[in-house]
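Summary of the model geometry
Spelled out from the first residue to the last, the chains are:
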Amino acid sequence: MDKQLFSKWIARACALLMIGASVLGVSPAAHAATEAPTSDVDAYVLADFDTGEILLSKDADKRLEPASTTKLMTALLLVENKSDLSEKVTVGAEVNPFPKGSSLMGLEEHETLSLMDLLYGAMLPSGNDAAAAIAVAVGGDMDHFIEMMNQRAQELGMTGTHYVNPHGLTTREEDEEHYTTAADMRLLTIAALSNETIAKVLKTPSYQTSPTNKHPNGFALQTTNKLISEKENDQQYNYRYAIGGKTGVTTAAGGCLCAAAEKGDRKLVAVILGDHSLKGTQKYYKRWTDSAAFFDYGFTLQRVDLTEKVKAVSLTGTPPGSEKDVQLVPQYDTDAIAKWVDSDTAATLGAADAQVTASIEWDESLASPAPEGNVLGQVVYKIGDTEIYRCNVTQKVEAKQTPASDGEGGANVFLIILLVVVGLLLLLLILRMVLVAQQRKRARMRRRSRYLDEGPRRNNLRGRRLPDPYDLGRQRDRHHRYR
């Protein structure tokens, strides 16, 4: 065949294959694993909404300022402590001490409005004044409400969080005392959006409040969340699967975002702290673009539960400084061991014949041999080349009988002697009872034998009265007296 004709034939065949692939919606890289996105913000977390499992993270436990994402806790305490959000409250001086440049709802002292309007005012425009008014309405005073915030944070497992105010606008003196972590904000976001009222508020792009005694036309509120904003300039950052979230910005904290998205039956949470990006006049824009990239990636993942396969692996090994294998105990930090992966990897990991292997990364810095119970290192579980789980590992501690102390030994000997003495006394008592019983039995038998022997004599004397020995004695006395 002519080489030129053959080349043309190959080119046409390739073109037809590409056209067919495009018609079927299949790209050459369709089955390649999706590469996980990254970000240069200070910290981030992408998590599954239903399980709370972290799918992506960077410095998830690093202490950072939360800015106005603090208001998620304020909103949560409001709906948990006030059953009727139509209740009217009159705000006081707590709405005054905020600079005009900060985010405000626009409340005035002695203004009366509903708790629901305050909630929208704190969430959509991120009003610091609305958050302060909620704090006083719920807690009675600011200090008590802050105590409630910190207590609720501990209840949610937010161990890296501490609050000093209900809004997140801190002074320089407060900066080091008002902090959180991306991992903690994941927990708070899930808790807040699990409440139907908060979820509805955070999903709302704009809201008109009722008239008040200070504002006859009420307040026209717009969200600061560009993922759902209806403002023309914000629509470039809209994300079609977004279902709400809370923003925050301060110079020290940078841009912050706690957002959620839903696609089909999957819900995800993205937390971004410390976005310091700047492009022209656009500040803190990466929290929008990066969160959208996180969500897109997260929706491609599938969850494979590998708990049974991992926990079925028996571990032995020779710790540093030891000369023999010992039984090892993995310190699982979760009841369910799952891996979020792309669809192809999920099929590989979840296959019935997928074998889990385990290797130990020993801690060489430990003393040799390491004391029992010490963490010896980490066990790394893999299926093929894919790491699926890792955790600390310790040596199995064999149960040992603790030898009795001298005092305990003396007490035991005394108890044994006492038991022996009591046993002997009981035995002697039983023997005495047996002997007494036998004596009584022999006495009864003698009386019966005598009775049987005297039978004929009683018959011969029948009808005759035998002399009374006492009468005979008296007769002798009379005889001697009158003789």
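Rules used throughout
Residues numbered from 1 in each chain as written. Predicted model: local features only at pLDDT ≥ 70, side-chain atom pairs only at ≥ 80, totals over all residues. Heavy atoms only, no water. Helix = DSSP H or I, 4+ residues; strand = E, 2+ residues; numbered from the N terminus. Salt bridge = Lys/Arg side-chain N within 4 Å of Asp/Glu carboxyl O. Buried < 20%, exposed > 50% of the residue type's maximum accessible area, 1.4 Å probe, protein only. Axes fitted to C-alpha atoms, helices over the stretch in contact; angles between N-to-C directions. Parallel < 35°, antiparallel > 145°, perpendicular 65-115°, else oblique. Contact = heavy atoms within 4.5 Å. Nonpolar A, V, L, I, M, F, W, Y, C, P; charged D, E, K, R; others polar.

This next bit is on unusual backbone geometry. Backbone geometry follows two general trends: most residues other than glycine have a negative phi, and most peptide bonds adopt the trans configuration. Even without being glycine, D59 reaches a positive phi, approximately 50 degrees. Mapped onto the secondary structure, D59 falls in the loop between strand 2 (54–58) and helix 2 (71–81). Of note, A67 is a non-glycine position whose phi angle comes to about 50 degrees, a positive value.

Turning next to the pattern of salt bridges. The full count for this structure, using the stated rule, is nine salt bridges. Salt-bridge contacts for K286 lead to D40; the nearest nitrogen and oxygen are separated by 3.0 Å. Placement of the pair is K286 in helix 8 (residues 286–298) and D40 in the loop between helix 1 (3–23) and strand 1 (43–48), with a sequence separation of 246 residues. Looking at K286, the relative accessible area reads 23%, which means it is partly exposed. For D40, a relative accessible area of 54% puts it in the exposed group. Of the charged contacts, one joins R390 and E361 as a salt bridge, the two residues approaching to 3.1 Å between their closest N and O atoms. Linking R390 in strand 18 (residues 386–395) with E361 in strand 16 (residues 356–362), this pair joins segments that are 29 residues apart in sequence. Take R390: its relative accessible area is 29%, and that puts it in the partly exposed class. By sharing partners, the salt bridges in this structure join E80, R152 and E155 into a single network.

What follows concerns the packing of helix 4 (residues 128–139) against helix 5 (residues 142–155). It is at 8 Å that the axes of helix 4 and helix 5 come closest, and there the two elements cross at 90 degrees. Between helix 4 and helix 5, the angle falls in the class roughly perpendicular. Where helix 4 approaches helix 5, its residues A132, A135, V136, V138 and G139 are matched on the opposing element by M142, H144, F145 and M148. Taken together, the residues of the contact of helix 4 with helix 5 sort by class into seven nonpolar, two polar and no charged.

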